[in-house]
Each structure stands twice: as structure tokens, then as C-alpha cells.
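Now for the letters of each chain:
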Amino acid sequence: MKHRIVVLGAGYAGAFAAGNLARRLSPADVEITVVNAVPEFVERMRLHQLASGQDLAFRKLADVFAGTGVRLRLARVTGVDPGRGTVAVTGGDGDGELAYDTLLYALGSSVAHHGVPGVAEHAFDVTSRSSALRLRERLAGLGAGGSVLIVGEGLTGIETVTEVAEARPDLSVALAARGELGAWLSPKAGRHLRSAFDRLGVTVHGHTDIEAVEPRWAIAADGRPIPAEVTVWTAGFAVHPIAAASGLEVAGTGQIVVDRTMRSVSHPDVYAIGDSAYAIGDNGRPLPMSCASAGCTGKQATGAIIARLTGGEVPTVALTYVGNHISLGRRDAIFQMVDGQVRPKSWYLGGRPAARLKSGVLRGAGLGIAHPTFGMPKRRRRLANEPDRAGAGAAA
Ligand SMILES: Cc1cc2nc3c(=O)[nH]c(=O)nc-3n(C[C@H](O)[C@H](O)[C@H](O)COP(=O)(O)OP(=O)(O)OC[C@H]3O[C@@H](n4cnc5c(N)ncnc54)[C@H](O)[C@@H]3O)c2cc1C
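Note that the structure is a prediction, hence the values are computed from the model and not measured. (Residues numbered from 1 in each chain as written. Predicted model: local features only at pLDDT ≥ 70, side-chain atom pairs only at ≥ 80, totals over all residues. Heavy atoms only, no water.)

1. Section: the nonpolar core
Ile5, Leu8, Leu104 and Tyr105 are the most contacted members of the largest nonpolar core, which totals 61 residues. In this view, Tyr105 contacts Leu8, Val80, His240, Ile242, Ala243, Ile256, Tyr271, Ala272, Ile273 and Ser276; residues no more than four positions away in its chain are not counted. Ranked by size, the runner-up nonpolar core spans 35 residues in total, among them Val42, Ile150, Leu171 and Leu200. (Core = buried A, V, L, I, M, F, W, Y, C linked by side-chain atoms within 4.5 Å. Buried < 20%, exposed > 50% of the residue type's maximum accessible area, 1.4 Å probe, protein only. Contact = heavy atoms within 4.5 Å.)

Here you go:
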């Protein structure tokens, strides 16, 4: 019987990992199935562009995996039973159950409401294609002078507010920042950011905690109402509750706790990568939810799975985070390098060169998924007679 590898989620982490496994393991021994809720590879890093009205075509996953041997199951994952080695799915071909020998969990994340009243009912977000399209439609229906408030001064908030302001100069666009805008950037990059906001006419409400969202305004902690016909919530990502409900060991964030090889610390047949994984980077801190983390955790997990199944040595992939690359509309960006302790280095790249670099990064990530097996050794490895499936003696 073939070894069944089931990959949950075909985002940046899961799609690339599935292709990598298919390229390097023999189809005579291994059956790889990817489960994804939607038929396209959604480039989440471009969803603020989609929301602002740009036309983006996302690749069909069926095309991505054509000829790789990977089986695609379009369905929504509703549960994992790591004791029985099964995954419950619904949709597509109906409700069902998939059995696995090795599970690679890569379901990503969605918006974090933090329990703030009115967010779920009235706010928009850009964490999934459907929510970005909802916002796009709402913005299109907003007349000149309409007010838009983006809540959150993280990367997604900054990218979203600048994109909306650039696309719709007729709107009154503002950002609510809990602290000081760009405080985590180097002084020069911070100045660059603030001048970009001035150029785009974005109002910043600094040191402002939003405590409630209503249909026409957001309420700050001091009781001040901030006009907002549209509130966009970008105050963090949250993982799906499926992992915690399944009995896998999870962190306070709900992410699956993994060892250095991305293997669940509670269930050795389960690996987690991307936003879903609580993985400690080489600097001793949890890796941030990011595309870069999706890449390195995916490479580390697939390397470990292949080595354990084929009797090879588990490779050590660097788990590092080098910097933040933030788009400021289509013609400006900031690339801020960080040190091992995630402190900003004094050097940064800004303006059009940074925008071109960011655009190259996005294209590269998209192409990497479109050709998930490109550039990898074609040699396919056969399974060892007694592969380390249950983790006995596994070395990190
Ligand atoms: C607007 C925006 C801009 C961003 N910009 C950047 C950036 O510039 N740089 C950066 O590093 N990061 C950026 N990020 C973060 C980055 O997109 C994520 O960290 C990255 O997508 C994580 O990859 P992943 O594979 O773990 O999850 P995802 O890419 O979210 O993939 C998860 C996959 O699982 C599927 N899925 C989810 N739930 C289910 C279910 N129940 N059943 C079946 N399938 C399911 C989804 O459809 C999806 O295909 C941005 C995010 C957003 C929203």
C-alpha cells in the first residue's frame, strides 16, 4: 500500500510543499493529495490590490498541479482526527473522510476580530479573496468624499490604506494606529512612510485603540467617534480553530506547536507550516506569519518528511526573517532589513526601486507556486523499508 500524504491548504506554504514532495518522492510509493477550499491559488499578498479595484487573475490549482502527480481535492476541511489519522471534509464531492499516513497542515489564517464589538458585523477585511471582493464592491459604491478607516498599523494596514488612497483620491482615507505610525521602522524609513502618507492624503489617528465598529463610524477608546462609512479591520491574523479542536498541541495563538523540523510536538505524523505553525526561528523567537516563513517552514518540513520516509538525513533549513517589504501603492514601497532580534537596521530601500523589488518578489512567489517543482532535483527517492513514520529516533 502506498504511503498517503495529505496536504491541507494550497496557499503559499501548502502548494509549494506539495509540489516539492511530488517531485522528490516516487509515485510508486507515495500518494499525495492536496485539499483546498477554493479552486484557485489565491495570492494573499495581493488582496489589498484586488480590494482597491485592480484586476488580478489567480491561477487554477488544477493547472498548477497538472502533470505533477498531486491529486487535488476541492473541499473544506472541517476537522482532523490525529488519533485515527483522518481528515473530515465537506463540499466538492460531498462530505467525506480522508485517511493519511503523514499530514501536512497548511490552512493559513484569517482575520482576527479580537472580540471587538461590531467588527464581525460591520467591518471589512482583506484576508481572503471573498472578503477582499466584498470590500472592493463596497468601495466601488462609495461616492466622492466617502470616509474609509483602516484599523491597524501593521504591514497589512499600511499596504491597504496606501493602496486605497492611491486608487481613490476622491475618498477621505484614514488609518487608526494603536501606537505611533512606523515606530518599528528605522528613522529614515519612518520618515519615508510618513511622507508617503502625506502625499497620498492619508490621515493618521495615532495612539488610537478602536473599541467598537458601527455602520458609519468607529469608536476610539476615549469615546471619540471616527467617521467611517467603511471600516477595514487589519488588526492581525488568527488561525482556524480546527487545529485546537483536533487535540493537536497548540500555542496560545491556536497555531500548531512544532519542533525544529516542523513536526507536531504532540503527534509525530503531523507537520505544520506557514501561518498555521508555531515555529521558533533561529533567533529564538516565533516566526512571523509571512510569506517568507511559509517558504522556509515548507522547505524544512518537506525535507524532514522525505528524509524520514527514505532513510536519509534530516536537513536543517535556515529559519530566518530578514526584513519587511511594504508596498505603498503601485509606485512606492519600503524594504526595511531587520537584524536577528527583529530590530530595524539603519539601511532601507525606498521609492520606485523598492516598488520594483516588491513587484519582483510577488511575481517570483506566484511563479514558484505556478511551477512548484521547478528547479528541484528530478531524482525521485524510493521509500526505505522501515521508514520513520512514527518518529521513533527522529533527529531534529
Ligand atoms: C493583504 C495581505 C498582504 C500581505 N502581504 C504580505 C507581504 O508583503 N509579505 C509577506 O511575507 N506576507 C504578506 N502577507 C501574509 C501572507 O499572505 C501569509 O503569511 C501567507 O499567505 C501564509 O501562507 P499560508 O500558506 O500559511 O496560508 P495561505 O496563503 O492563507 O493559504 C491557506 C490555504 O488554505 C486554504 N484553506 C483555509 N481554510 C481551509 C479549510 N477549512 N479547508 C480547505 N482549505 C482551506 C485557503 O483557501 C488557502 O488556499 C499578506 C497578507 C495579506 C492578507
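2. Structural notes on the site of the ligand
Close to the ligand lie 33 residues, the nearest being Ala13, Asn36, Val77, Cys291 and Lys358. Between the ligand and Val77, the relevant distance is 2.8 Å, taken from a nitrogen atom to a main-chain nitrogen or oxygen of the residue. Between the ligand and Lys358, the relevant distance is 2.4 Å, taken from an oxygen atom to a side-chain nitrogen or oxygen of the residue. Expressed as a share of its isolated accessible area of 1,000 Å², the protein-covered part of the ligand is 92%. When residues of the shell around the ligand are traced back to their parent elements, those giving at least two are helix H1 (12–24), strand E4 (76–81), helix H6 (155–167) and helix H9 (291–310). Sort the elements by how many residues they give to the shell around the ligand and H9 lands first, with 3 residues. When its residues are assigned to classes, the shell around the ligand shows 17 nonpolar, 11 polar and 5 charged. (Near = heavy atom within 4 Å. Polar contact = N/O pair within 3.5 Å; in protein donor to acceptor, adjacent residues only side chain to side chain. Areas by Shrake-Rupley, 256 points an atom, 1.4 Å probe, with all protein chains shown as cover. Helix = DSSP H or I, 4+ residues; strand = E, 2+ residues; numbered from the N terminus. Nonpolar A, V, L, I, M, F, W, Y, C, P; charged D, E, K, R; others polar.)

3. With respect to the packing of H1 against helix H10 (residues 351–370)
Two elements in contact, H1 and H10, have axes whose closest approach is 9 Å; the angle formed by their N-to-C orientations is 45°. Here H1 is positioned oblique relative to H10, judged by the angle of their axes. Here Tyr12, Ala15 and Phe16 of H1 lie close against H10, whose contacting residues are Ala365, Gly368 and Ile369. Of the residues in the contact of H1 with H10, the class split is 5 nonpolar, 1 polar and no charged. (Axes fitted to C-alpha atoms, helices over the stretch in contact; angles between N-to-C directions. Parallel < 35°, antiparallel > 145°, perpendicular 65-115°, else oblique.)

4. With respect to unusual backbone geometry
With the exception of glycine, the majority of residues adopt a negative phi angle, and the majority of peptide bonds are in the trans configuration. A positive phi angle is found at His114, which is not glycine, with a value near 55°. Of note, His114 is situated in the loop between strand E8 (109–111) and helix H4 (119–122). Using a relative accessible area of 56% as the deciding quantity, one classes His114 as exposed. At Val342, a residue that is not glycine, the phi angle is positive and equals roughly 65°. Considering the arrangement of structural elements, one finds Val342 in the loop between strand E21 (333–338) and strand E22 (344–350). For Val342, a relative accessible area of 40% translates into the label partly exposed.

5. Structural notes on the sheet that holds strand E2 (residues 30–36)
Taken together, 5 strands build an open sheet; the order of strands is E3-E2-E1-E7-E18 and the sheet is parallel. Each edge of the open sheet carries a strand with a single partner, namely strand E3 (71–74) and strand E18 (270–272). Across the sheet, the mean angle from the axis of one strand to that of its neighbour is 20°, orientation sign disregarded. Pairing of strand E7 (residues 102–105) with E18, which is carried by 3 bridges, proceeds in the parallel orientation. Bridge pairing in E18 places Tyr105 opposite Ala272. Contacts from H1 reach strand E1 (3–8), E2 and E7, with the element oriented near 165° to E2. Docked against the sheet, H9 engages E1, E7 and E18, running at close to 160° with respect to E18. (Pairing = 2+ DSSP bridges.)

6. Some points on the state of the cysteines
Evaluation of the coordinates by the stated rule reveals 0 disulfides. Unpaired in this structure, Cys291 has its nearest cysteine sulfur neighbour in Cys296, at a distance of 10 Å. Classification of Cys291 as partly exposed rests on a relative accessible area of 23%. According to the relative accessible area criterion, Cys296 is buried, its value standing at 10%. (Disulfide = S-S within 2.5 Å.)

7. A short note on the environment of Gly329
You can see Gly329 is positioned in the loop between strand E20 (323–327) and E21. The sequence separation of Gly329 and Ala196 amounts to 133 residues, and the corresponding C-alpha distance is 9.3 Å. Apart from residues lying up to four places away in sequence, Gly329 is in contact with Thr162, Glu163 and Glu166.

8. Here we look at the confidence of the model for the protein chain
Scored by pLDDT, the protein chain comes out at a mean of 93, with 95% of its residues at no less than 70. Across residues 390–396, where pLDDT falls below 50, the model places 14 contacts with residues more than four positions away in sequence or in other chains. (pLDDT = per-residue confidence, 0-100.)

9. So, the pairing of E4
Looking at chain direction, E4 and strand E5 (residues 86–90) are connected through 5 bridges and run antiparallel. Considered in E5, the bridge of Val77 is made with Val89. The turn linking E4 back onto E5 is made up of 4 residues, and Gly85 within it adopts a positive phi angle of 75°.

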